[in-house]
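Observations on the three-dimensional arrangement
Each chain is listed here by its residues.
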Amino acid sequence: MPALQPARGTQDLLPEAARRHRRVSDSAREIAALYGFAEISTPIFEFTEVFARPIGEHTDIVAKEMYTFKDRGGEEITLRPENTAGVVRAVLSNGLTQGIPLKYFYSGPMFRYERPQKGRFRQFHQIGVELLGVATPQADIEVIALGQRILQALGIADRVVLELNTLGDPESRLAYRDALVGYFSACHSDLSEDSRQRLERNPLRILDSKDPGDQRIAAEAPDFAAYLNDASREFFARVQGGLDRLGFAYRRNPRLVRGLDYYTHTVFEFVTTDLGAQGTVLAGGRYNGLVELMGGPSMPGIGWAAGIERLAMLVDEPPASPRPVTVVPVGEAGEPMALIIAEVLRNNGCAVDVSYSGNLSRRMRYANRVNARAALLIGDEEAAGKFVTWRDLDSGEQAKIPMIDQSLPEIVKRIKSLVG
């Protein structure tokens, strides 16, 4: 049989990588709770319409990137490419729309059929938040502040820049759309084939094109700011004012857009130059039309998502896991005692590993391999004398410790003084 490999675009999270991922998700989870966000977990697959309807049939995500299949019952199912639609579906399915505001945090895997490269996978992991039911700029400020605080906790806030823009309200967006149609129509023959199709369906997405020719044309496109009505200008000014009061640095990026019609007002990204082409580490925006599009009542919303893989690449080495104590039974007489001692130590909060087989030399090599701080040796002599042999694996110090009773107070005391 040929050597088995993970599917292209996936990776195994071995213990070291898993530890970095866990640092990102645990930090985010704790900080989200400080802001009143409760954790939610939705299925990793949904009926395809949950994503196809809000994301759009003609977008790259739906047309080219979603993992869609029919299950054994003939239902069309899609592995989630993002989680905002899944959270909104959960709100509607569970009749939660009357309990606004709704504040949710999530963490988990997503799936897109993309070309794998540094920081981009076909199965990837995200943390994210959704705030539903608040139409005022305070919600925008709060979710951005939450994202900023997470980046600070991970020690990478000084390596990212907050980019900010506004898409205005539907009236402003429609006016800008008309202006873009007029501008890009004059350059129709110079646009890429994808952007010619976007011109008919959603011209805002041309501004986000990766084609160099499209980018040169888009650089001279009209500025959205010129088409904002007074209400949209006031909303954006209040968002900026709130960020200013919190002392957050940001830069306006007039080319930062979201092509889907339900996006309104604030859009933002935290970007870095330290990851090459995959520079966006956290991105979000306001989606006031999404709940209604998915069959619910008119309800404002705003949220963001961040890629755990990309954040994990930026964070410093996380704190090491506690070094265990290894229990080393030698001979049949030591096995029952080792079992009891290991469980008592774990009951007292000590990390314990048990060396299962081999002679003493082999078992001690195992203790060194797992980076044990100390070893407790239990052989025939120890079992008969009701004591254990303690060995400090850093200093080499060795001592006999009596087992006074089943609670093993002397052993527990010695371990806690050594490893905490």
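Structure: above.
The following paragraphs examine the structure supplied in this document. Everything numeric in this text was worked out from a predicted model, so none of it was measured. (Residues numbered from 1 in each chain as written. Predicted model: local features only at pLDDT ≥ 70, side-chain atom pairs only at ≥ 80, totals over all residues. Heavy atoms only, no water.)

1. Quick notes on the packing of helix α1 (residues 15-34) against helix α5 (residues 137-153)
Where α1 contacts α5, the axes come no closer than 10 Å and their chain directions differ by 135°. Judged on the interaxial angle alone, α5 and α1 are oblique. Considering only the axes of α1 and α5, their crossing is right-handed. For the pair α1 and α5, the contacting residues are Arg-23, Ala-28, Ile-31 and Ala-32 in the first and Leu-146, Arg-149, Ile-150 and Ala-153 in the second. Considered class by class, the residues forming the contact of α1 with α5 number 6 nonpolar, no polar and 2 charged. (Axes fitted to C-alpha atoms, helices over the stretch in contact; angles between N-to-C directions. Helix = DSSP H or I, 4+ residues; strand = E, 2+ residues; numbered from the N terminus. Parallel < 35°, antiparallel > 145°, perpendicular 65-115°, else oblique. Left-handed = near helix turned anticlockwise from the far one by under 90°. Contact = heavy atoms within 4.5 Å. Nonpolar A, V, L, I, M, F, W, Y, C, P; charged D, E, K, R; others polar.)

2. Digging into the sheet that holds strand β12 (residues 325-329)
Strands sit in the order β13-β12-β14-β15-β16 across an open sheet of 5 strands; the sheet is mixed. The sheet is open, and its two borders are formed by β13 (352-354) and β16 (398-402), each paired with just one other strand. Strand-to-strand twist across the sheet, computed as the mean angle between neighbouring axes with direction ignored, equals 25°. For β12 and strand β14 (residues 374-378), the ladder comprises 5 bridges, and the chain directions are parallel. Within the sheet, the bridge partner assigned to Thr-326 lies in β14 and is Ala-375. (Pairing = 2+ DSSP bridges.)

3. Side note on the pattern of salt bridges
Using the criterion set out here, one finds 19 salt bridges in the structure. With its nearest N and O atoms 3.1 Å apart, the salt bridge here joins Arg-19 to Glu-317. Taken as a pair, Arg-19 in helix α1 and Glu-317 in the loop between α11 (308-314) and β12 lie far apart in primary sequence, 298 residues in all. Glu-39 is the partner of Arg-29 in a salt bridge, and the nearest nitrogen-oxygen pair spans 2.8 Å. Of this pair, Arg-29 sits in helix α1 while Glu-39 sits in strand β1 (residues 38-39); the two residues are 10 residues apart in sequence, bridging distant segments of the chain. By relative accessible area, which is 28% here, Arg-29 ends up partly exposed. Residue classification places Glu-39 among the partly exposed positions, given a relative accessible area of 46%. Among the charged side chains, a salt-bridge network with shared partners connects Glu-16, Arg-19, Arg-20 and Glu-317. (Salt bridge = Lys/Arg side-chain N within 4 Å of Asp/Glu carboxyl O. Buried < 20%, exposed > 50% of the residue type's maximum accessible area, 1.4 Å probe, protein only.)

4. Some details on the packing of aromatic side chains
Overall, the coordinates contain 5 aromatic pairs when judged by the stated rule. Considering the side-chain rings of Tyr-183 and Phe-184, the 5.1 Å spacing of their centres and the 70° angle between planes classify their relative orientation as edge-to-face. Taking NZ or CZ as reference, Arg-122 lies 3.9 Å from the ring centre of Tyr-113, over its face. (Phe/Tyr/Trp six-rings, centres within 6.5 Å; stacked < 30°, edge-to-face > 60°. Lys NZ or Arg CZ within 6 Å of the ring centre and 35° of its normal.)

5. Overview of the nonpolar core
Across soluble globular proteins, you tend to see nonpolar side chains buried next to one another. Formed by 47 residues in total, the largest nonpolar core has its most connected members in Leu-132, Leu-180, Phe-184 and Leu-207. Among the secondary structure elements, those contributing two or more residues to this core are α2 (49-55), α3 (60-65), α4 (84-93), β5 (102-111), β6 (123-132), α6 (170-185), α8 (212-218) and α10 (290-293). The greatest single-element share of this core, amounting to 5 residues, is contributed by α4. Membership of the second largest hydrophobic core comes to 41 residues, among which are Val-24, Ile-144, Ala-145 and Ala-306. (Core = buried A, V, L, I, M, F, W, Y, C linked by side-chain atoms within 4.5 Å.)

6. With respect to the environment of Ala-28
With respect to the helices and strands, Ala-28 occurs in helix α1. Assessed through its relative accessible area of 0%, Ala-28 is described here as buried. Remark: the alpha-carbon pair of Ala-28 and Met-313, spanning 285 residues in sequence, is separated by 16 Å. Ignoring any residue separated from it by four or fewer positions in sequence, one finds Ala-28 in contact with Phe-105, Ile-127 and Ile-150.

7. What about the pairing of strand β4 (residues 76-79)?
Bridging between strand β2 (residues 45-47) and β4 involves 3 bridges; their strand directions are antiparallel. Looking at the pairing, Phe-47 lines up with Ile-77 of β4. Summarising the sheet, strand β3 (residues 68-70) and β4 pair through 3 bridges and their orientation is antiparallel. Pairing of Lys-70 across the sheet is with Glu-76, part of β4. Hairpin connection between β3 and β4: a loop of 5 residues separates the two successive antiparallel strands, and Gly-74 in this loop has a positive phi of roughly 85°.

8. Notes on the sheet that holds β2
Strand order in the open sheet made by the 3 strands is β2-β4-β3, with antiparallel pairing throughout. Strands at the two margins of the open sheet, each flanked by one partner only, are β2 and β3. Sheet twist, expressed as the average angle between the axes of neighbouring strands with direction ignored, equals 35°.

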